[in-house]
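# Descriptive analysis of the structure
Below, each chain spelled out in residue letters.
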Protein chains: 2
Amino acid sequence: MDQALDRASAVADALRFVPGETKFANLDTRATPGQSDKGQAATQLLDLDSRLEGLQERLWAESVGGGERRVVLVLQGMDTSGKDGTIRQVTRSLNPQGVAVYSFKAPTAEERRHDFLWRIENAVAKPGYVGIFNRSHYEDVLIVRVHKMVPEEELSTRYERINEFEHRHSDDGVVWVKCMLHISPKAQKERLLARLDDPTKYWKYNAADLAERARWGDYSTAYSDALEKCTTDVAPWYVVPSDSKWYRNWAVAHLLLGALETMALQYPPADFNVAEQRRLVEAAP
Amino acid sequence: MDQALDRASAVADALRFVPGETKFANLDTRATPGQSDKGQAATQLLDLDSRLEGLQERLWAESVGGGERRVVLVLQGMDTSGKDGTIRQVTRSLNPQGVAVYSFKAPTAEERRHDFLWRIENAVAKPGYVGIFNRSHYEDVLIVRVHKMVPEEELSTRYERINEFEHRHSDDGVVWVKCMLHISPKAQKERLLARLDDPTKYWKYNAADLAERARWGDYSTAYSDALEKCTTDVAPWYVVPSDSKWYRNWAVAHLLLGALETMALQYPPADFNVAEQRRLVEAAP
């Protein structure tokens, strides 16, 4: 019996976005499916550390042996939804050598001259890595849509191009885990105020966040459409209720665990004659 | 009184390579200057975790505020000297989002068509990051020299070009911490055998390592020259006795601590009117 894996499976079922069924507008940002106890969540999260570390080592080892597989964890969410905090907590047990975090900001002048997926292409994790996208290509159907930065007819084609992109990389060994960290306007307000109450947090505060907050409804519509149109078998979306930071961390860690366990990672066999090499090493001066 | 910082200062003094004085050939791979007790070292290493994490956050925050500074930890050493293990232990407390590890392998066909520093240029950490070089541009005066891959006259110019490169990046905000993990042939033999004794470690074993081991003397000469010629005020070398893994981890963590503390990192001040922003946030719907 594997309780952690059972929990991972249950949380994936509870949070998976199902096109045509899940109503984004109805999702509760304060829900905690699978775990209602904060203390127990903390203990279970700690218990995952060595397990995630071991799975990551096997993923890395597999790539040294020639494997192509890797994981890309995509994190999206409104400002203050906790993308940075999630990365901090979920990767704390991982070897940074095998973790590649990409933070997508407003595209540079050069990036803007290319197709919107051009800069994403280079950021996709290499074999053996756990890649993390802090924001992603979904910004190109979120902020870009809300601010009408591209014509409607171009925007409408992007969802399908995203699906093709994710499918192609899935064929190439990428396991996608896409998480939308879902918070309420109330939670956001509390977090913005907390940043203004602590001088060591001023650097996290961005006055422009308020302008985006004013478009909350537009963002909700944009998220709803992105989830509806870009949830595929090879690249599912999970909507993680994130008003409670402890639940958010617990849930994302379990989603990552589930993805890694499903890969059935194994240490590669020796590609040399072990007995012969042992003789050579022992005989070396 | 800051005991951790005192230790960091003492270990830096003990391990710093001093051109014209330090004799590489005389350095003891089993020495443990500054800490002879394994258990105490483990406790002190644990105590550094939250401190290194806090310093890293301030380094990151400084860059968000426009700062240019970053750290690059260079790790060199013979095969099995523990570069990977050091990265695992020394970065375990750091936020992977602010850590960028580059592992330098044999150059690609494209890289070989450029100057040897071309590929290093792109790998230098961006502002706010703790960058780690797992091997580095020093391979271009180590393995390249031992195997005579470039003509003598080109090789002889590389030391000065490395110094210029490191100096230029230092001017641009890079704090260099260069560590040579120094092991004995005996320790290497034990570690190679350990990899052959455990099927979960076969992937770490590389039969080609034995051929390099056979050139130990040539490598020692190459290391000695590199340390002698490329130790500068802005980019010092530390030779870390690494037969004991616990000492190696303890020492490198303290060297990193010392470097970060010397930077006197501060959270940036608010670049906005705090009281006004609080009013705006409170008034937001």
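To start, this report covers the structure provided alongside it. Since this is a predicted model, take the numbers as computed values, not measurements.

## Quick word on the relation of the copies chain A and chain B
Mapping between the two copies of the chain is achieved by a rotation about an axis and a shift along the axis. Once turned by 180° and shifted 0.0 Å along the axis, chain A lies on chain B with an RMSD of 0.0 Å. On this basis, the relationship between the two copies can be described by a two-fold rotation axis. Residues of chain A ranked by C-alpha distance from the rotation axis are headed by P96(A), positioned 2.7 Å from it. The overlap is high: 100% of the interface residues of chain A also sit at the interface in chain B, so the same surface is used on both sides.

## Concerning the layout of surface pockets
All names here are of chain B. For the second largest pocket, the calculated volume is near 440 Å³. Around the second largest pocket sit 22 residues that line it, and V175, Y238, G258, A259 and T262 are the ones nearest its centre. Listed by contribution, the elements that provide at least two residues to the lining of the second largest pocket are helix 1 (3–15), strand 4 (174–182) and helix 11 (245–262). Among the elements that line the lining of the second largest pocket, the one with the most residues is helix 11, at 5 residues. Of the residues belonging to the lining of the second largest pocket, the class tally is 13 nonpolar, 6 polar and 3 charged.

## Regarding the interface of chain A and chain B
Contact residues are listed per partner, giving 44 residues for chain A and 44 residues for chain B. Taking both partners together, chain A and chain B bury about 4,000 Å²; carbon and sulfur atoms supply 61% of that area. Considering only the surface of chain A that becomes buried against chain B, R88(A), Q97(A) and W203(A) emerge as the three largest contributors, covering 19% of it. Close ionic contact of R278(A) with D197(B) constitutes a salt bridge, the shortest N to O distance being 2.8 Å. Summed over the shared surface of chain A and chain B, the result is 24 residue pairs in polar contact (both at pLDDT 80 or more). Elements that contribute at least two residues to the side of chain A that touches chain B include exactly helix 2 (38–64), helix 3 (83–90), strand 2 (99–103), helix 8 (185–196), helix 9 (209–213) and helix 12 (274–283) of chain A. Looking at the side of chain A that touches chain B, the element that brings in the most residues is helix 12 of chain A, giving 6 residues. Residues of the side of chain A that touches chain B, tallied by class, amount to 26 nonpolar, 8 polar and 10 charged.

## Considering the packing of aromatic side chains
Throughout the structure, instances matching the rule amount to 22 aromatic pairs over all chains. Ring geometry for W60(A) versus Y129(A): centroids 5.2 Å apart, planes at 70°, classification edge-to-face. With W60(A) in helix 2 and Y129(A) in the loop between helix 5 (118–121) and strand 3 (130–134), the pair connects residues that are 69 residues apart, well separated along the chain. Look at Y129(A) and you get buried, because its relative accessible area is 15%. Ring centres of Y102(A) and F104(A) lie 6.4 Å apart, and the angle between their planes is 25°; this geometry places the pair in the stacked category. Judged by its relative accessible area of 8%, F104(A) is buried. What links up through ring pairs into an aromatic cluster is the set Y102(A), F104(A), F133(A), F165(A) and W176(A). Its guanidinium or amino end placed over the ring of F116(A), R158(A) lies 4.4 Å from that ring's centre, counting from NZ or CZ. Note that K229(B) overlies the ring of Y159(B), its terminal NZ or CZ placed 4.4 Å from the centroid.

## Some details on the sheet that holds strand 3 of chain A
Residue and element names in this part refer to chain A. An order of 2-3-1-4-5 is seen for the 5 strands of this open sheet, with the pairing classed as parallel. Each end of this open sheet is capped by a strand with a single partner; those strands are strand 2 and strand 5 (237–241). In this sheet, neighbouring strand axes are inclined to one another by 20° on average, regardless of whether the strands run parallel or antiparallel. Taken together, the 5 bridges between strand 1 (residues 70–77) and strand 3 define a ladder with parallel strand orientation.

## Some points on the packing of helix 1 (residues 3–15) of chain A against helix 11 (residues 245–262) of chain A
All names here are of chain A. Remark: helix 1 packs on helix 11, axes separated minimally by 8 Å, with the N-to-C direction vectors making an angle of 110°. Classified by the interaxial angle, the pair formed by helix 1 and helix 11 is roughly perpendicular. From helix 1, A4, L5, R7, A8, V11, A12 and L15 reach across to helix 11, where they touch Y247, W250, A251, H254, L255, L257, G258 and E261. Taken together, the residues of the contact of helix 1 with helix 11 sort by class into 11 nonpolar, 2 polar and 2 charged.

## Looking at the state of the cysteines
Residue and element names in this part refer to chain B. What the rule picks out here adds up to 0 disulfides over all chains. Cysteine C179 is unpaired, with the sulfur of C230 as its nearest cysteine sulfur at 15 Å. On the basis of relative accessible area, C179 is assigned to the buried category, the value being 0%. By relative accessible area, C230 is classed as buried at 0%.

## Considerations on unusual backbone geometry
Its identity as a non-glycine residue notwithstanding, T80(A) has a phi of 70°, on the positive side. Positive phi, close to 50°, is recorded for K148(B), a residue that is not glycine. According to the relative accessible area criterion, K148(B) is exposed, its value standing at 70%.

## Considerations on the environment of K186(B)
Mapping K186(B) onto the fold places it in helix 8 (residues 185–196). Separated by 96 residues in the primary sequence, K186(B) and V90(B) place their C-alpha atoms 25 Å from one another.

## Quick notes on the sheet that holds strand 1 (residues 70–77) of chain B
All names here are of chain B. Ordered in space as 2-3-1-4-5, the 5 strands form an open sheet in which the pairing is parallel. Edge positions in the sheet fall to strand 2 (99–103) and strand 5 (237–241), since each has one partner strand and no second. In this sheet, adjacent strand axes meet at a mean angle of 20° when their direction is disregarded. Packing of helix 10 (residues 216–229) onto the sheet brings it into contact with strand 1, strand 4 and strand 5, and relative to strand 5 it is tilted by some 140°.

## Points about the side chain of R158(A)
Residues and elements named next belong to chain A. Assignment of secondary structure puts R158 in helix 7 (residues 152–171). A polar atom in the side chain of R158 sits 2.9 Å from the backbone oxygen of D140. Only 3.0 Å separates the side chain of R158 from the side chain of E154, close enough to count as a polar contact.

The rules behind each value
- Residues numbered from 1 in each chain as written.
- Chains lettered and ligands numbered in written order.
- Predicted model: local features only at pLDDT ≥ 70, side-chain atom pairs only at ≥ 80, totals over all residues.
- Heavy atoms only, no water.
- Least-squares fit on C-alpha atoms with pLDDT ≥ 70 in both.
- Contact = heavy atoms within 4.5 Å.
- 1 Å grid on protein atoms, 1.4 Å probe; cavity = no way out; pocket = protein on both sides within 12 Å on 5 of 7 lines; lining within 4 Å.
- Points joined across faces, edges and corners; volume = space filled by probe spheres on them.
- Helix = DSSP H or I, 4+ residues; strand = E, 2+ residues; numbered from the N terminus.
- Nonpolar A, V, L, I, M, F, W, Y, C, P; charged D, E, K, R; others polar.
- Buried area = accessible area lost by both parts, 1.4 Å probe.
- Salt bridge = Lys/Arg side-chain N within 4 Å of Asp/Glu carboxyl O.
- Polar contact = N/O pair within 3.5 Å; in protein donor to acceptor, adjacent residues only side chain to side chain.
- Phe/Tyr/Trp six-rings, centres within 6.5 Å; stacked < 30°, edge-to-face > 60°.
- Buried < 20%, exposed > 50% of the residue type's maximum accessible area, 1.4 Å probe, protein only.
- Lys NZ or Arg CZ within 6 Å of the ring centre and 35° of its normal.
- Pairing = 2+ DSSP bridges.
- Axes fitted to C-alpha atoms, helices over the stretch in contact; angles between N-to-C directions.
- Parallel < 35°, antiparallel > 145°, perpendicular 65-115°, else oblique.
- Disulfide = S-S within 2.5 Å.

Function cannot be read off these values alone, since they describe shape.
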